[in-house]
Amino acid sequence: MSFSVTEPSKGTKWLAGALVIGYACITLVPLLWIIATGFKSPTDSIAYPPVVVFEPTLEGYVNLFTERTRATPDMLEAAGEPQTWYDEIVRERGTVISGPSRYGERFLNSVIIGFGSTFLCMVLGTMAAYAFSRFKVPLKDDLLFFILSTRMMPPIAVAIPIFLMFRNLGLNDTHLGMILLYTAVNLSLSVWLLKGFIDEIPIEYEEAALIDGYTRFQAFYKVVLPQAATGIASTAIFCLIFAWNEYAFAVLLTSGTAQTAPPFIPTIIGTSGKDWPAVAAGATIFLVPVMVFTILLRKHLLRGITFGAVRK
Amino acid sequence: MAQIRIENVRKDFGSFNAVKSSTFTIEDGEFFMLLGPSGCGKTTTLRMMAGLELPTSGEIYIDGEEVGMKPASQRDIAFVFQMFALYPHMNVGKNISYPLRSQGMPSAQVKKKVGEIAEILGITDILNKPVGGLSGGDRQRVALGRAIVRDPKAFFMDEPLGALDAEFREHMSEELRALHDRMNATTVYVTHDQLEAMQMGDKIVVMNHGSVEQFGVPQDIYDWPATKFVAQFIGSPSMNFLDFNGMIGKGGNEVSLNDVALNIPKSIDGANGALSFGVRPEHVRLDDAAAYRGRVKATEYLGTTQIVTLETANGDVKARVASSDAVNVGDQTGLSFDARTITLFDAETGQALRSQANEGVLNHG
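Residues numbered from 1 in each chain as written. Chains lettered and ligands numbered in written order. Predicted model: local features only at pLDDT ≥ 70, side-chain atom pairs only at ≥ 80, totals over all residues.

Chain B carries the name Trehalose import ATP-binding protein SugC in an unreviewed UniProt entry, which gives Planktotalea frisia as its organism. Checking UniProt for chain B, the heading Sequence similarities (unreviewed entry) contains the comment "Belongs to the ABC transporter superfamily." (UniProt positions renumbered as here; feature names shortened; annotations may be inferred.)

Looking at an unreviewed UniProt entry, chain A carries the name Trehalose transport system permease protein SugB, with the source organism given as Planktotalea frisia. According to its UniProt record, chain A has this under Subcellular location (unreviewed entry): "Cell membrane". Looking at chain A in UniProt, the text filed under Sequence similarities (unreviewed entry) is "Belongs to the binding-protein-dependent transport system permease family."

*Asks:* How would you explain the overall build of chain B if you had to name every residue and give the values?
*Replies:* Counting its regular elements, chain B contains eight helices and 20 strands. Overall size of chain B, expressed as C-alpha extent along the three principal axes, is 75 × 45 × 35 Å. The burial tally for chain B puts 43% of its 365 residues in the buried class. A sequence separation of at least 24 residues applies to 66% of the contacts in chain B between residues at least 6 apart. (Helix = DSSP H or I, 4+ residues; strand = E, 2+ residues; numbered from the N terminus. Buried ≥ 20, exposed ≤ 12 C-beta atoms within 10 Å, placed from the backbone. Contact = placed C-beta atoms within 7 Å.)

*Asks:* An account of the domain arrangement of chain B is requested, with residue identities and associated values reported.
*Replies:* Assigned domains of chain B: these are domain 1 (4–223) and domain 2 (237–346). Measuring from the centre of the C-alpha atoms in domain 1 of chain B to the corresponding centre in domain 2 of chain B gives 40 Å. (Domains from an automatic or database assignment.)

*Asks:* Describe the packing of helix H6 (residues 103–134) of chain A against helix H11 (residues 216–245) of chain A, with residues and values.
*Replies:* All names here are of chain A. Where H6 contacts H11, the axes come no closer than 9 Å and their chain directions differ by 140 degrees. The angle between H6 and H11 falls in the class oblique. Crossing geometry of H6 relative to H11 is assigned as right-handed. Along the contact surface, H6 presents Ser110, Ile113, Gly114, Phe115, Ser117, Thr118, Cys121, Met122, Gly125, Thr126 and Tyr130, while H11 presents Phe220, Val224, Ala228, Ile232, Thr235, Ala236, Cys239, Leu240, Ala243 and Trp244. When grouped by side-chain class, the residues that make up the contact of H6 with H11 number 14 nonpolar, seven polar and no charged. (Axes fitted to C-alpha atoms, helices over the stretch in contact; angles between N-to-C directions. Parallel < 35°, antiparallel > 145°, perpendicular 65-115°, else oblique. Left-handed = near helix turned anticlockwise from the far one by under 90°. Nonpolar A, V, L, I, M, F, W, Y, C, P; charged D, E, K, R; others polar.)

Here it is as structure tokens:
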């Protein structure tokens, strides 16, 4: 079979472009819908037929970050003129702000646990992958398969044993516990991915560094790591996305101090009626860090760092 | 600057024996070639000298010090890789200065030193360029720069010209040799190209199947191969072998091929049985008066000379003759051999028989 190297025709290009744009639209609709819902009023958010054009309001966001109590007209009178724009919004619903909600804390928990486990996973994963790639490890293939096999069952299958284990170790509902758990789950993926990337780096670079008077470890972090940057970046993105979005373990193993955003967001529904704009607002904010992280590392994903340095 | 001595070095990879007990000495300041076909163990030998592989057994001495088990970083040697192995995330200047920075040299001094080296190699104008976009020759120069910058005891080069275009290779090999003569440093150079080895080397080790076949100066190796393998591997076209059964007494200087008596250098030990009569193509003359006969099978025109292939009773013989000689395919002609250049081989073992001519240069490893 031979491959044509001629430029695709105009029609083919147009068709390909249309398909990509069409696919992008289909995948983006739910995302855009969630973002839009965050700016709707509760009435608009459940209107049928759905409204596409609406008057935007920040009510959802205010509700997301605050606890409110219903107030009688007398109490509203006594409270005086609303002090801020968000006071104004909640007054319109006949409520007053009684304090901040816990969304901020939960979001911060997600950040700590998500980025913490990703960082730990990268440190351990890179070193393990390097060892598997470069050294004679006894039973290498079996070990690699074992590492991969930890990924084969659904997390929920081991949730109960882990719950019991965590209870005995006092790791339930702690940041450390969640960081360790997500690191353990992600390590299989990161070791396998990173091993592939490190295998691609010619061993001559390290040998050159060894000859140039560097120790094995110096050769690893001064020569191998910079070239594995592309692989590390993309692996980190995968790990962060998993840890960030993980729901099953989080709902089972965290309830308070270490609860992450995913199990928290659905509880918004329960506390004050079906407040879809607040839920949508929570989801929208939740999307931002992974998006920013991915966009920041995108440069690394695309850069062919080893291009042309070794002739093959 | 150093003398390097290899004693009974052996390397096994699992059950595969890559290098069999090798012994040879590389003198201080020598340009030393490790020559052999791929898989013969030459690169492994070099890597053991450099400390990139550890020998299974045997000793390696650099300047009298046993270094067999020392890490590469402590041997004070430089290595030029076939694929250059320039650090892709650094520019040219940083690549060259990298070995100096590992020693903690002050940066002003590093800068001065890199400048000097760049001057020698003629790469001053590309010091700030990334290595990615360089031509093969410039990459080779940068790799050399990185090697010579810290004045190591010895240079090890693993087919450094292998990745270059043919036309450029010749130019670069001259540059390499000139650089060696200027620095006068011990250089060990691995190649599978016999021409490169003959052209550049002060001494050559020929390896095959993990063992040293012969060790000596290029001319001795070319003129007096120690084994049939060496005779075949070196020279193009390679040495002719005329197989025959016969005997030769101690001190004898005549063998009989197909009932024609041919002179040879005086044999020391004598022999009896299956033998090979080895003669280089340039020592075969076409001579109608000669008693040993052959029929012209083919001719190849090479400019000033031509290679004539002749069919004889003892197998095909190639002769290098002047291209002005008229030779036609199908001609019957006589062949005469320059008696002073003949090497007899034991056809079974492939070892050259000792004669008055080659005695003293048959260094087996």
